[in-house]
Amino acid sequence: YEISLGLVGSEMCIRDRQEYDIKSRALDQFLFDALVDEKAAAANVTRDQWLTENLAVPEPSEVDIQRVLTQYRSRLPEDENQARLQVTQFLMQQAGQQAQADLLAKLKAEANITVFLEPPRVEPTETGHSPFRGAPDAPITIVEYTDFQCPYCERVQPVLESLRERYGDSIRHVFKNLPLPMHREADLAAQAGLCAFEQDSEGFWGLHDWMFANRQNLSIETITAQAEPNGLDAAALGACLQEGRYMEAVQQDAAEANAFGITGTPGFVVNGRMLKGAQPLEAFEAIIDDELQRAGLPVPEPAVPAEPEAPAAS
C-alpha cells in the first residue's frame, strides 16, 4: 500500500510540474510577443528591427568555454575543435534564452504586469536529524537528496558552493539522504553522516566533503579514521554506526524523496520546487531568482568570473 501510494503521489508531482512548465512557457512566449510588438509599433519600426536594437546576445567568454569544456569533457567529441564548437553553440543558445528572459522581465516590469501562475510545490519534512547550513529564516531553502557514492552528486557540490557564494544568507541548504541500492556503501555513509551531525555540525560537513572525495573507499574503518581530523569522537561515531541508530532516519529521507518522484540522485527541492539531476548553476539560479522576485526581495548580481591566467613561459 505504501509503495502504491508513493507511486501515485510521484506521478501527480510529475504531471503537475509538466503542466506548469507547458503553461509557463506558453504564457512567457505570449507576453514576449505581445510586448515586443507593442514596443515596435510605438517606435514605428518592424519587430525584427526593434529586437536587433534591444536584444543583445553576448559572445561566450573564454572562461565560460573552458569551464564547460572541463566539466563535460567526457561527454564531448574527442576532437578538440569539434568539442569547442559544440560548447560554443550551447553557450550561445543558453545566452540567447537568458537574454530573452531578461528582456521579458524588463518589459513586464515596465508594463506593470504581474503573473499569478503558481509553480507546483512539495513540502519536505523538517526533522531534527537533517544537517543544514544557513539561517533558519532564509528566504530560499534548498533540500538536497543525495548519495555519497554517486559521481553526479559529487559533481554538483561545486555548484552548491557557488550558490552559497552568490546568495549568502538568502540560502538555507538542508541535506537529506537517498542512498541507491547499486552503491554498496552508500547506506553506511548516509548513516555515518547523521552520526557525525549528532556530534557536531561542522564535523558533519567536513566528513561530508571527505566521503564525496573518497566515495570509492568507504567503510566503517576508513570513515571512523576521519573522525578525529574533523573534530569528532571516533569511538562514538563507530558505536553509532554499529548500533544502526540512524538507519530508520535514512529510510525516511529516501521514502520522502521517492514520494516526490525523486528516484535518482541527486535531487533537489528549492522552496518546494523540484529540480532533478546534477543541474548546471544556471538552472538553480533561474528558480532562486524567480523565488526572490516573487517575495519582493533583491536579486544579487552574478559573480564576475576571473579571467584565465596567462600560460607560463616555457
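Calculation notes
- Residues numbered from 1 in each chain as written.
- Predicted model: local features only at pLDDT ≥ 70, side-chain atom pairs only at ≥ 80, totals over all residues.
- Heavy atoms only, no water.
- Pairing = 2+ DSSP bridges.
- Helix = DSSP H or I, 4+ residues; strand = E, 2+ residues; numbered from the N terminus.
- Polar contact = N/O pair within 3.5 Å; in protein donor to acceptor, adjacent residues only side chain to side chain.
- Contact = heavy atoms within 4.5 Å.
- Axes fitted to C-alpha atoms, helices over the stretch in contact; angles between N-to-C directions.
- Parallel < 35°, antiparallel > 145°, perpendicular 65-115°, else oblique.
- Left-handed = near helix turned anticlockwise from the far one by under 90°.
- Nonpolar A, V, L, I, M, F, W, Y, C, P; charged D, E, K, R; others polar.
- Core = buried A, V, L, I, M, F, W, Y, C linked by side-chain atoms within 4.5 Å.
- Buried < 20%, exposed > 50% of the residue type's maximum accessible area, 1.4 Å probe, protein only.
- pLDDT = per-residue confidence, 0-100.
- Salt bridge = Lys/Arg side-chain N within 4 Å of Asp/Glu carboxyl O.

A.B. asks: For the pairing of strand S5 (residues 273–276), give the residues involved together with the corresponding values.
C.D. replies: As judged from the 4 bridges shared by strand S4 (residues 267–270) and S5, these two strands associate in the antiparallel manner. Looking at the pairing, Val270 lines up with Arg273 of S5.

A.B. asks: Account for the side chain of Thr222, naming residues and giving values.
C.D. replies: Relative to the helices and strands, Thr222 resides in helix H8 (residues 220–224). Within the structure, the side chain of Thr222 is placed 2.9 Å from the backbone oxygen of Asn217, a separation counted as a polar contact. Ignoring anything within four residues of it in the chain, the contact list for Thr222 reads Trp210 and Asn217.

A.B. asks: Describe the packing of helix H3 (residues 62–71) against helix H4 (residues 80–110), naming the residues involved and giving the relevant values.
C.D. replies: It is at 10 Å that the axes of H3 and H4 come closest, and there the two elements cross at 115°. Our classification of the angle between H3 and H4 gives roughly perpendicular. For H3 against H4, the interelement crossing comes out right-handed. In this structure, H3 contributes Glu62, Asp64, Ile65, Gln66, Val68 and Leu69 to the contact, and H4 contributes Glu80, Ala83, Arg84, Val87, Thr88 and Leu91. The residue makeup of the contact of H3 with H4, split by class, is 6 nonpolar, 2 polar and 4 charged.

A.B. asks: So, the sheet that holds S5: which residues are in play, and what are the values?
C.D. replies: Ordered in space as S1-S3-S2-S4-S5, the 5 strands form an open sheet in which the pairing is mixed. Of all the strands in the sheet, just strand S1 (132–133) and S5 have a single pairing partner and so form its edges. Lying on the sheet, helix H11 (residues 281–294) is in contact with strand S2 (140–146), strand S3 (171–177), S4 and S5; it crosses S5 at an angle near 170°.

A.B. asks: Go over the nonpolar core with me, naming the residues and quoting the values.
C.D. replies: Core analysis: the biggest nonpolar cluster contains 28 residues, and Phe148, Met211, Leu218 and Ile223 have the highest contact counts within it. If one sorts the elements of this core by residue count, helix H6 (residues 186–199) sits on top with 8 residues. If near-sequence neighbours (up to four positions away) are discounted, Ile223 is found in contact with Leu188, Ala189, Ala192, Leu207, Trp210, Met211, Leu218 and Leu237.

A.B. asks: I'd like a rundown of the confidence of the model for the chain, residues and numbers included.
C.D. replies: Detailed reading of the predicted coordinates is not advisable wherever pLDDT is low. Averaged over every residue, the pLDDT of the chain is 88; residues scoring 70 or more account for 92%. Scored below 50 in pLDDT, residues 1–9 makes 3 contacts in the model with residues more than four places away or belonging to other chains. In the predicted structure, residues 306–314 sits below a pLDDT of 50 and forms 3 contacts with residues beyond four places in sequence or in another chain.

A.B. asks: Residue-level account of the pattern of salt bridges, with values.
C.D. replies: Counted according to the given criterion, the structure contains 20 salt bridges. A salt bridge links Arg47 to Asp37; the nearest nitrogen and oxygen atoms lie 3.0 Å apart. Pair noted here: Arg47 is in helix H2 (residues 47–54) and Asp37 is in helix H1 (residues 2–43), with a separation of 10 residues, a long-range link. Assessed through its relative accessible area of 28%, Arg47 is described here as partly exposed. As a salt-bridge pair, Glu126 and Arg172 come within 3.3 Å of each other at their nearest N and O atoms. Here Glu126 is found in the loop between H4 and S1, whereas its partner Arg172 is found in strand S3, with 46 residues between them in sequence.

A.B. asks: I'd love a proper account of H3, names of residues and values included.
C.D. replies: Of all the positions in H3, only Val63, Ile65, Val68 and Leu69 are classed as buried. The elements touched by buried residues of H3 are H4.

A.B. asks: Describe the side chain of Gln149, and please don't skip the residues or the numbers.
C.D. replies: By the secondary structure assignment, Gln149 is in the loop between S2 and helix H5 (151–167). Judged by relative accessible area, which is 13%, Gln149 ranks as buried. Engagement of the side chain of Gln149 in a polar contact is seen with the backbone nitrogen of Glu185, the distance being 2.9 Å. Residues within four places of Gln149 in sequence aside, it is in contact with His183, Arg184, Glu185, Ala186, Arg215 and Leu218.

A.B. asks: Describe the environment of Arg67, and please don't skip the residues or the numbers.
C.D. replies: As for its placement among the helices and strands, Arg67 is situated in helix H3. When the C-alpha positions of Arg67 and Val87 are compared, they lie 9.8 Å apart, and in sequence the two are 20 residues distant.

A.B. asks: If you had to explain unusual backbone geometry to someone new, which residues and values would you point to?
C.D. replies: A cis geometry characterises the amide bond from Thr265 onward to Pro266, with omega recorded as -5°. Note that Pro266 resides in the loop between helix H10 (247–259) and S4. In this structure, Asn44 is a non-glycine residue whose phi angle is positive, near 60°. Its identity is not glycine, yet Asn112 carries a phi of approximately 55°, on the positive side. Locating Asn112 in the fold gives a position in the loop between H4 and S1.

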